[in-house]
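# Remarks on the overall topology
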Amino acid sequence: MAKSSVTQSLSKRSLASHAWLGLVVSGFMYLICLSGTIAVLHLEFERWEQPYVEETSAFSIEQVEKAYTQFIEQYDNDTHHYYFVFPGSGIPRLVMEDDNNAHFVDAEGNLGAKESVTWTRMLGDLHMYLHLPMSFGMIVVSAFGALLCALIVSGLLAHPRIIKDAFRFRAGGDGLKSNIDLHNRLSVWGTPFHLMIAITGAYFGLAGILVSIISQAFYGGVDQAVYDKVFTPEPILEQTVERPEIGTAMTDLFTRIDPDDLIFFTIHEPDTPQQFIEFFVKSPGHFTYSENYRYNASGEPCLLCWA
């Protein structure tokens, strides 16, 4: 009897907390989840915003080098990165960009229209930051992810007969009981997916806070030292400042990969002794976003610093 009383008390308290949490986060979660659902189609939206841009699944090394040359001649070096995006990114378009500007590239390697996908970016910013300042907004959105985790757990604890009632559905009446059963069934059956969304959503913003705490405790406040323990650190290079040999690097890379798997490349810290080229390549059959291949400015493989 005592055990039953304790279980009922836990169930009531959990139900109360579940209801209050649901009310507190519902409005923001509606915005976050709805915008996230729509943003799944962000690649299609980008194409729809600029429908007349030339599309192709083919590219050449000469085309890439020509686009890079025109880009650096048109814009000054007020950037820490250059990027070239390939059709393997999911959009059959070629894009040359830096940290501030982006241009589509035509079949001859000439720069075309500037990339302008303001509506799609608005949607992404709403989902990730709620249009708040970027760092603060991501923390706020991640906090709602953590609250969603609490909402899911409290909902499970509020239903001690969760297994027994898994397929229960009471139709008829004023509709209240059927709505409650529908809510409970959808929640229970979707729990693994709901938790996955909540946990990963909480991770993006809160991971930065955890990194700061760890760096203060063990690495003298240097956040990059923590990241270097998890991700491959950037190479320490001693080289003359010269134009990066993109063609040489790509020629070697294509002996190692399928060119159709190439997503994009980045030139890190251009026009400095630390510049290097990093290629992001799809890895079919693996959960990882990409396999990364790094080359120095001369286009030689940086074998000791491949990610």
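Before reading on, note that the structure itself is shown above.
What this report covers is the structure whose coordinates are included nearby. (Residues numbered from 1 in each chain as written. Predicted model: local features only at pLDDT ≥ 70, side-chain atom pairs only at ≥ 80, totals over all residues. Heavy atoms only, no water.)

Take the packing of aromatic side chains next. Going through the model one piece at a time under the given rule, you end up with 15 aromatic pairs. For the ring pair Tyr68 and Tyr82, a centre distance of 5.6 Å and an interplane angle of 90° mean the geometry is edge-to-face. One end of the pair, Tyr68, is in helix H3 (residues 61-74); the other, Tyr82, is in strand E1 (residues 81-85), and 14 residues separate them in sequence. With respect to class, Tyr68 is no different from Tyr82; both count as buried. A centroid spacing of 4.2 Å and a plane angle of 15° characterise the contact between Phe264 and Phe280, whose relative ring orientation is stacked. On the criterion of sequence distance, the pair formed by Phe264 in strand E5 (residues 262-268) and Phe280 in strand E6 (residues 276-281) is long-range, its members being 16 residues apart. Note on Phe280: relative accessible area 14%, which makes it buried. Put simply, the rings of Phe59, Phe84, Phe86, Phe254, Phe265, Phe279 and Tyr295 pair up and form one aromatic cluster. (Phe/Tyr/Trp six-rings, centres within 6.5 Å; stacked < 30°, edge-to-face > 60°. Helix = DSSP H or I, 4+ residues; strand = E, 2+ residues; numbered from the N terminus. Buried < 20%, exposed > 50% of the residue type's maximum accessible area, 1.4 Å probe, protein only.)

Tracing the backbone through its elements, the reader meets Pro92 in the loop between E1 and strand E2 (94-98). Residues Pro92 and Thr56, 36 residues apart in the sequence, show an inter-C-alpha distance of 5.2 Å. Not counting chain neighbours up to four residues away, the residues in contact with Pro92 comprise Arg47, Glu54, Glu55, Thr56 and Pro87. (Contact = heavy atoms within 4.5 Å.)

Quick look at helix H5 (residues 134-157) now. The end-to-end C-alpha distance of H5 is 35 Å, a good match for the 34 Å that 24 residues give at a rise of 1.5 Å each. Of the residues making up H5, those classed as buried are Gly137, Val140, Val141, Ser142, Phe144, Gly145, Leu148, Cys149, Leu151, Ile152, Ser154 and Gly155. (Expected span 1.5 Å × (residues − 1).)

A word on the nonpolar core. In this structure, Phe84, Met96, Met250, Phe265 and Phe279 are the most contacted members of the largest nonpolar core, which totals 27 residues. Looking at this core, the elements with two or more residues in it are H3, E1, E2, helix H9 (246-253), E5, E6 and strand E7 (291-296). Looking at this core, the element that brings in the most residues is H3, giving five residues. Excluding anything up to four places from it in sequence, Phe279 contacts Ala249, Met250, Leu253, Leu262, Phe264, Phe265, Glu291, Asn292, Tyr293 and Tyr295. With 13 residues, the next largest nonpolar core counts Leu126, Val140, Leu151 and Ala198 among its residues. (Core = buried A, V, L, I, M, F, W, Y, C linked by side-chain atoms within 4.5 Å.)

We now examine the pattern of salt bridges. All chains considered together, the criterion is met by five salt bridges. Note that Arg93 is salt-bridged to Glu55, the shortest N-O span being 3.0 Å. Note that Arg93 is positioned in the loop between E1 and E2 and Glu55 in the loop between helix H2 (42-49) and H3, a separation of 38 residues in sequence. Under the relative-accessibility criterion, Arg93 is labelled buried at 3%. A single salt-bridge network, built from bridges that share partners, covers Arg47, Glu55 and Arg93. (Salt bridge = Lys/Arg side-chain N within 4 Å of Asp/Glu carboxyl O.)

As a further point, take the sheet that holds E7. Taken in spatial order, the seven strands make up an open sheet running E4-E3-E2-E1-E5-E6-E7, and their pairing is antiparallel. The open sheet has two edge strands, strand E4 (111-114) and E7, and neither has a second partner. On average, adjacent strands in this sheet sit at an angle of 20° to one another, irrespective of strand direction. Relative to E6, E5 runs antiparallel, the two being bridged by six bridges. (Pairing = 2+ DSSP bridges. Axes fitted to C-alpha atoms, helices over the stretch in contact; angles between N-to-C directions.)

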